[in-house]
Amino acid sequence: MSTLIIVLRLIHIVGGVFWVGTALLFNFFLTPSIRASGEAGQKFLGHLVSTKTHLGEVHGISAILTVLAGAGLYWIDSQGFTSGWMTSGPGLGFGIGGIFGFLGVISGILNAIPLRAFAETAAQIQGSLTPEQMDKIQAAQKRLGVISRIDSAVLIIALICMATARYWRF
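Here the structure is a predicted model, which is why all the values come from computation and not from measurement.

Here we take up the overall build of the protein chain. Helix and strand counts for the protein chain come out as five helices and zero strands. When the helices and strands of the protein chain are read in sequence order from the N terminus, they spell out α-α-α-α-α. For the protein chain, the C-alpha atoms occupy an extent of roughly 60 × 30 × 20 Å along the three principal directions. With 170 residues in all, the protein chain has 38% of them scored as buried. Taking all contacts inside the protein chain whose residues are at least 6 apart in sequence as the whole, residues at least 24 apart take part in 77%. Of the roughly 9,800 Å² of accessible surface on the protein chain, a fraction of 72% belongs to carbon and sulfur atoms. The centroid of the 11 positive side-chain charges in the protein chain is displaced by 8 Å from the centroid of its 7 negative side-chain charges.

In structure tokens form, the structure reads like this:
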């Protein structure tokens, strides 16, 4: 059992660092820089999230593996979701963190939809933007602005809960 726990913890922690770190880097730094950089930034985004780099796929897989490994760890610690540990401070902390982690997967998927549309449009830019391309990019940016804030918030809450749960006392 200890080998399983070690493997699950490594998947959960390493996957979570990549998932949350990438999302926060993207939401707080790359997206505003891409917006401010005009066509060059849009072309950069088109390449960054293209099928050439596989960033979107790796990011999504790391999110799913992180949540699944976390659920496995919670299952083990709670003895199959049946023990009193679930209502202890750490049980509640990890449980709340897990709920926000799951919400992070959902908000990440919702974030990926306009991001993919933005990237696909940006990849098609040849010279100056057409009015149609500009409309698509602006619509995607508007949706990204809202969803990325939600995504960042739920991931930060999940991260705080996970990092502090073992110290929660009630």
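Now that the structure has been shown, the text picks up again.
Now for the nonpolar core. Counting residues in each nonpolar core, the largest one holds 14 residues, and the members touching the most others are Phe-26, Leu-45, Leu-48, Val-49, Leu-115 and Phe-118. Going through the elements one at a time, α1 (2-36), α2 (38-48), α4 (89-123) and α5 (131-164) are the ones with two or more residues in this core. Among the elements that line this core, the one with the most residues is α4, at four residues. What Leu-45 contacts, discounting residues up to four positions off in sequence, is Phe-26, Ile-34, Leu-115, Phe-118 and Ala-119. If you look at the next biggest cluster of nonpolar residues, it comprises seven residues, including Trp-19, Ala-23, Leu-24 and Val-105.

On to the packing of helix α3 (residues 55-77) against α4, then. For the pair α3 and α4, the least separation of the axes is 10 Å and the interaxial angle reads 160°. If you check the angle between α3 and α4, you find them roughly antiparallel. Judged by the twist between their axes, the crossing of α3 over α4 is left-handed. Touching Glu-57, Ala-63, Val-67 and Tyr-74 of α3 are Gly-91, Phe-94, Gly-95, Gly-101, Phe-102, Val-105 and Arg-116, all from α4. In the contact of α3 with α4, the residues fall into six nonpolar, three polar and two charged.

Counting across every chain of the model gives four aromatic pairs. Geometrically, the ring pair formed by Tyr-74 and Phe-81 is tilted, given 5.9 Å between the ring centres and 35° between the ring planes. Accessibility expressed as a relative area gives 43% for Phe-81, which makes it partly exposed. Through a chain of ring-to-ring contacts, three or more aromatic side chains come together here, namely Tyr-74, Trp-75, Phe-81, Trp-85 and Phe-94.

On to a nonpolar patch on the surface, then. A contiguous nonpolar patch, built from Ile-99, Phe-102, Leu-103, Ile-106, Ile-109, Leu-110 and Ile-113 and spanning about 650 Å² of accessible area, is present on the exposed surface. Given the relative accessible area of 36%, Leu-103 is considered partly exposed.

Definitions and limits used
- Residues numbered from 1 in each chain as written.
- Predicted model: local features only at pLDDT ≥ 70, side-chain atom pairs only at ≥ 80, totals over all residues.
- Heavy atoms only, no water.
- Helix = DSSP H or I, 4+ residues; strand = E, 2+ residues; numbered from the N terminus.
- Buried < 20%, exposed > 50% of the residue type's maximum accessible area, 1.4 Å probe, protein only.
- Contact = heavy atoms within 4.5 Å.
- Areas by Shrake-Rupley, 256 points an atom, 1.4 Å probe, with all protein chains shown as cover.
- Lys, Arg positive; Asp, Glu negative; His and termini not counted.
- Charge placed at Lys NZ, Arg CZ, Asp CG, Glu CD.
- Core = buried A, V, L, I, M, F, W, Y, C linked by side-chain atoms within 4.5 Å.
- Axes fitted to C-alpha atoms, helices over the stretch in contact; angles between N-to-C directions.
- Parallel < 35°, antiparallel > 145°, perpendicular 65-115°, else oblique.
- Left-handed = near helix turned anticlockwise from the far one by under 90°.
- Nonpolar A, V, L, I, M, F, W, Y, C, P; charged D, E, K, R; others polar.
- Phe/Tyr/Trp six-rings, centres within 6.5 Å; stacked < 30°, edge-to-face > 60°.
- Patch = residues over 30% accessible without salt bridge, like charges linked within 9 Å, V, L, I, M, F, W, Y side chains within 5 Å.
- Salt bridge = Lys/Arg side-chain N within 4 Å of Asp/Glu carboxyl O.

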